[in-house]
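Structural overview for review
If you want the building blocks of each chain, they are given just below.
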Amino acid sequence: MTINFFDDASWASLRPLTFTRPVADLRIGILTIAEKWAKYFDADFGFNTQDYLSIKYASKSNASLFVNGSICPDHNLLSAISALKTGDVLLSGDIIIAYAVNENLTYEQARQQLKPINYGTDFVKINFLENIFTNNPSEIRKDFELLTKGRTSAKISSTNQLLGDDVFFEEGAKAECSVLNSGYGPIYVGKNAEIWEGSLIRGSFALCENSSIKMGAKIYSGTTIGPNSRAGGEINNSVIWGNSAKGHDGYLGNSVLGEWCNIGADTNNSNLKNNYAEVKLYDYENKNMRNTNLQFCGLIMADHSKSGINTMFNTGTTVGVSANVFGGGLPPSHIPDFSWGGADGFESYKLHKMFDTTEKVLARKNLKFNDLDKNILTKIYELTATYRNF
C-alpha cells in the first residue's frame, strides 16, 4: 500500500512548526504521524502539501489511499479506513479523514466527487500547537504498544532501579544508575540511545534513536525526546522533534521544540501564569493571541531557533523559524521568524547569516546544508516578512 498524507486547514493553525514540514511530519508520541500510519499499514508514503514544501516532501504518484495528516491512527480508524472501497471518502462532520482513489485528487475534490461514508467515533486530531503536548502521553502509550508488541526488550543494566514493568530498550540502548518509573506510563528507549547516570525518569517517556539524557536529569510524564538529540535539566510534558539540544539545567514544561533547535544553559520557560488565568498563544492566521483554554502552556519553538544562556520565556511564548533569542528580561510572547534579539528589541536575522550558522550546525552531525533546504527557508523568509515589524 502507498499513502499520501494531505494537509487540511490545520497546516495554517499549526504554524510556525508547519512552515518547515507537512502536518503529518509532526512528531507526537514516539513517531511522526506519518510513521504511525505507515507502521500500522506496512505502507510507503508521500505528502500532498504546500507547493514550496513539496520539493522535499513529495507526493507518491501510485498512492491509492489519502489520509488527513493531522489525524492520529487508532484501531477503530484503521478498521474504518481498511473497509473503504475505491471512490469512498470517510467523513466526520466537515472533517475529511481519508479517501480511496486511483488518482491524485485534492481533499476538496474528494469531498465533492466521492461517495461519503460517515464515521461516528471520536479520534485524535492535531488542530492547534498545544494539541501536540496535551495528547503526547496517550500517543506515547499507543506507539509503545505498536513498536513493542510481541517483542522482548534488550537487556537493562542492573545498576538502574526499575519501577513497573513497561520499560523497553531497543538494541544498543544504555542506562546506568538511574531510576526508571513506568508505573505512570511506559518508558521507551530507542536504538543506541543513552540515559546517563543519576537521571530520574517517570513515564510515559520516549527517548528516540541516537539521543541521550544527561546526568542528573529530571524527566516527567508525557515527554518525548526525538532522534539525534541531547536533553538535560528538568523537562515536563514536552516534545522535542529531533536533532535538537536542551542539554543543560533549566526548566522546559508543556512545550514543543522543532528540529535543529538549541536551548542555552539555564534557559527557563513559564508554563503557568501567576494569576492562574488561561494561556494564550499567537495565531499566525489572525495575527493576534488565541485562547488555548489551558492553564498550563509553555514554549513553542520552530525549527532552527536558539536561545542564549539564562533566557527567560514567558507563559505561552511562540518562537518562529530561525529566531535567535538572548539577553536579560522577558522577551515578547510572539517572537517572529528570522528575528535576532531579546527583551530590548529585535532586528531581522539576515538570511545569509542564518545560512552560515545552519551550515555549521549540520556539519557537526556530518550533514550538508543543501540547496533544497535553502530554497525552503528562503521561501519561509519571504512568507514571514509581514510579521517582522522592525
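The structure under discussion appears in the preceding block.
Residues numbered from 1 in each chain as written. Predicted model: local features only at pLDDT ≥ 70, side-chain atom pairs only at ≥ 80, totals over all residues. Heavy atoms only, no water.

Counting its regular elements, the chain contains eight helices and 37 strands. By the compact-globule yardstick of 21 Å for 390 residues, the chain fits well, its C-alpha radius of gyration being 21 Å. When the 390 residues of the chain are sorted by exposure, 56% land in the buried category. Nonlocal contacts in the chain, meaning residues at least 24 apart in sequence, comprise 46% of its contacts between residues at least 6 apart. Approximately 16,500 Å² of the chain is accessible, and the part contributed by carbon and sulfur atoms is 46%. Separation of charge centres in the chain, based on 37 positive and 41 negative side chains, amounts to 3 Å. (Helix = DSSP H or I, 4+ residues; strand = E, 2+ residues; numbered from the N terminus. Rg over C-alpha atoms; globule rule 2.2 N^0.38 Å. Buried < 20%, exposed > 50% of the residue type's maximum accessible area, 1.4 Å probe, protein only. Contact = heavy atoms within 4.5 Å. Areas by Shrake-Rupley, 256 points an atom, 1.4 Å probe, with all protein chains shown as cover. Lys, Arg positive; Asp, Glu negative; His and termini not counted. Charge placed at Lys NZ, Arg CZ, Asp CG, Glu CD.)

Strand S5 (residues 88-92) sits mainly inside the fold: five of its five residues count as buried. Of the two faces of S5, both are covered, the one formed by Asp88, Leu90 and Ser92 as well as the one formed by Val89 and Leu91. Looking at chain direction, S5 and strand S7 (residues 115-118) are connected through four bridges and run parallel. Residue Leu90 lies in a different strand from S7, and its bridge partner there is Ile117. In textbook terms, the turn of a hairpin is the stretch between consecutive antiparallel strands, and for S5 and strand S6 (residues 95-100) this stretch comprises two residues, one of which, Gly93, has a positive phi near 60 degrees. (Pairing = 2+ DSSP bridges.)

A separate point is the nonpolar core. Within the largest apolar cluster, 61 residues are counted, with the highest numbers of intra-cluster contacts made by Trp37, Ile81, Ile97 and Phe338. Grouped together as the second largest cluster of nonpolar side chains are 32 residues, Leu180, Ile187, Ile225 and Ile235 included. (Core = buried A, V, L, I, M, F, W, Y, C linked by side-chain atoms within 4.5 Å.)

Looking now at helix H3 (residues 75-82). When we look at burial in H3, the residues that qualify are Leu77, Leu78 and Ile81. Around the axis of H3, the buried residues are gathered within 100 degrees of arc, so they sit on the same side. In H3, the exposed positions that point more than 90 degrees away from the buried face belong to His75 and Ser79. In this structure Asp74 caps H3, since a side-chain oxygen of it lies 3.1 Å from the backbone nitrogen of Asn76. (Arc of directions from axis to C-beta. Polar contact = N/O pair within 3.5 Å; in protein donor to acceptor, adjacent residues only side chain to side chain.)

A cis geometry characterises the amide bond from Arg15 onward to Pro16, with omega recorded as 15 degrees. Between Gly203 and the following residue, Ser204, the backbone shows a cis peptide bond with an omega angle of 5 degrees. Position of Ser204 relative to the elements: it lies in the loop between strand S15 (200-202) and strand S16 (205-207). The residue Asn228 is not glycine, and still its phi comes out positive at about 60 degrees. Within the secondary structure, Asn228 is located in the loop between strand S19 (223-225) and strand S20 (230-231). A positive phi angle, near 55 degrees, is found at Phe338, a position not held by glycine. Among the structural elements, Phe338 can be located in the loop between strand S35 (334-335) and strand S36 (339-342).

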